[in-house]
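Below are the chains, spelled out letter by letter.
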Amino acid sequence: MINWNVTYKVEAAERHFAKLTNPMDTSKIVLPDHWNEVRKMILREWNDACEESRFNSSYNYEFDVVFGIKLYQLLNEKIGFTNRVASDDNVWRSLSLKVVPDLVIKRYGLKPEHFYKMSKRIWLKNIWWYIRLAWEGNAEETKRLLSKYSTDTILQLVERSGLGYYVSVDHEILKKLGNIEDRSNLRSVLRSVLKLNTAWLATTSPELYEGGVQGYVADLFDVVYREKDENDDILRELFK
């Protein structure tokens, strides 16, 4: 079992990042035995994800979902990960810069925000939380749910988390969003729902809401669509 009590501050990460090269000489990645084993396991999942996502020299949303699911299952089921550990940027900076920096470079090149510089842009953290919020209990159902979305959904849901993630609510929002037939305005609907959710959570407990979390999320969407219809009516009046 890995001890996830890691201290790896931004200043240390910045110094480490300055020494990275693209492409990277992986022989320079020297780790204690237990971390070296973690690296080997993540590399196996990466290679499997490349095959499963029909990788063709460019990484994309499909790859992020496939690898994200594999990373999520590996960390949670085999290496004792928890939500508390996943909330610690020391852990993500360490994994990104010490354990698998070559993989982050392959995905995003030498962009510091995806290694350490911007908390909500750290790539490994980003995809782990995306899968956590979408998790349907198994890989296939989660992949089916996320097949309806794009990288933009990751950016909006994971990076616009306000004061943190409300897992049950965020999960229900993803499910509700997947049932929208008109996919053309998906981005604006999700943005509006997330903004309204942030406002409501300041005074509302979703579990105590009429209908529980499902009722709460349903009303979020109802209000957003009602406001959209009212705005459309105003625009029609202005330009008729």
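Everything that follows concerns the structure shown earlier in this document.
In this text, all values refer to a predicted model and were calculated from it rather than measured experimentally. (Residues numbered from 1 in each chain as written. Predicted model: local features only at pLDDT ≥ 70, side-chain atom pairs only at ≥ 80, totals over all residues. Heavy atoms only, no water.)

### Side note on helix H6 (residues 101–108)
Rules: Throughout, exposure labels follow a simple rule: accessible area from a 1.4 Å probe, protein chains only, divided by the maximum for the residue type, with under 20% read as buried, over 50% as exposed, and the rest as partly exposed. Numbering of helices and strands starts at the N terminus; helices are DSSP runs of H or I of at least 4 residues and strands are runs of E of at least 2. Residue contacts are defined here by distance: any two heavy atoms, one from each residue, within 4.5 Å place the two residues in contact.
Taking burial as the measure, the eight residues of H6 include six buried ones, the bulk of the element. Those residues of H6 not exposed but buried are Pro101, Asp102, Leu103, Val104, Ile105 and Arg107. Buried residues along H6 sit against helix H2 (33–52), helix H3 (61–78), helix H5 (89–99) and helix H7 (123–134). Phi turns positive, to about 75 degrees, at Gly109, one or two residues after H6.

### What to know about the side chain of Asn90
The line we're drawing: Polar contact is defined as a pair of N or O atoms within 3.5 Å, subject to the rule that within protein one atom must be able to donate a hydrogen and the other to accept it, and that residues adjacent in sequence are counted only when both atoms are side-chain atoms.
Looking at the element boundaries, Asn90 is found in helix H5. Accessibility expressed as a relative area gives 10% for Asn90, which makes it buried. A distance of 3.5 Å separates polar atoms of two side chains, one belonging to Asn90 and the other to Arg93. In contact with Asn90, other than residues within four places in its own chain, are Val6, Thr7, Tyr8 and Lys9.

### What about the nonpolar core?
For clarity, the threshold we go by: Residues belong to a common nonpolar core when they are buried Ala, Val, Leu, Ile, Met, Phe, Trp, Tyr or Cys residues joined through side-chain atoms within 4.5 Å.
With 78 residues, the main nonpolar core has Trp4 and Phe67 as its most contacted residues. Of the residues forming this core, the biggest block, 10 residues, is contributed by H3. Contact partners of Phe67, with chain neighbours within four places excluded, come to Ile42, Glu45, Trp46, Ala49, Trp123, Leu124 and Ile127.

### So, the environment of Thr204
With respect to the helices, strands and loops of the structure, Thr204 is situated in the loop between helix H11 (186–201) and helix H12 (212–239). According to the relative accessible area criterion, Thr204 is partly exposed, its value standing at 26%. Separated by 12 residues in sequence, Thr204 and Tyr216 place their C-alpha atoms 9.2 Å apart. Setting aside anything within four residues of it in sequence, one finds Thr204 in contact with Tyr209 and Tyr216.

### So, unusual backbone geometry
Residue Pro23 follows Asn22 across a cis peptide bond; omega there is 0 degrees. With respect to the helices and strands, Pro23 occurs in the loop between helix H1 (10–17) and H2.

### Here's the deal with the side chain of Asp170
Looking at the element boundaries, Asp170 is found in helix H10 (residues 167–178). Setting aside residues up to four positions removed in sequence, Asp170 forms contacts with Leu133, Leu157, Tyr165 and Asn197.

### Considerations on the packing of aromatic side chains
For the record, the criterion: For Phe, Tyr and Trp, where Trp contributes only its six-membered ring, two rings pair if their centres lie within 6.5 Å, and the inter-plane angle classes them as stacked under 30 degrees, edge-to-face over 60, or tilted in between. Whether a charge lies above a ring is judged from NZ of Lys or CZ of Arg, which has to be within 6 Å of the ring centre and within 35 degrees of the ring normal.
All told, the structure shown has 23 aromatic pairs when counted by the stated rule. Their ring planes at 55 degrees and their centres at 5.6 Å tell us that Phe17 and Tyr116 sit as a pair that is tilted. Taken together, the positions of Phe17 in helix H1 and Tyr116 in the loop between H6 and H7 put the pair 99 residues apart, joining distant regions of the chain. Given a relative accessible area of 13%, Phe17 falls into the buried group. Ring centres 5.4 Å apart and planes at 75 degrees place the aromatic pair Trp46 and Phe67 in the edge-to-face group. A residue pair is termed long-range when its members are at least 10 positions apart, and Trp46 in helix H2 and Phe67 in helix H3 qualify at 21 residues. Residue Trp46 is classed as buried on the basis of its relative accessible area, which comes to 2%. Aromatic ring contacts, followed pair by pair, group Trp4, Trp35, Tyr72, Phe81, Trp92, Trp128, Trp129, Trp135 and Tyr165 into a single cluster. Across from the ring centre of Tyr108, 4.5 Å away, lies the NZ or CZ of Arg107, which sits over that ring.

### Details of the packing of H1 against H5
Which entries qualify depends on this criterion: Axis geometry follows a simple rule: fit a line to the C-alpha atoms, using only the stretch in contact for helices, then measure angles between N-to-C directions, giving values from 0 to 180 degrees. For classification purposes, angles smaller than 35 degrees are called roughly parallel, those larger than 145 roughly antiparallel, those between 65 and 115 roughly perpendicular, and all remaining angles oblique. Helix crossings are classified by the rotation of the near helix relative to the far one: an anticlockwise turn of less than a right angle makes the crossing left-handed, while a clockwise turn makes it right-handed.
H5 packs onto H1 with a crossing angle of 20 degrees between their chain directions and a minimal axis gap of 10 Å. Of the possible angle classes, the one that applies to H1 and H5 is roughly parallel. Our pair here, H1 against H5, has a crossing hand that is left-handed. Where H1 approaches H5, its residues Val10, Ala13, His16 and Phe17 are matched on the opposing element by Arg93, Leu97 and Lys98.

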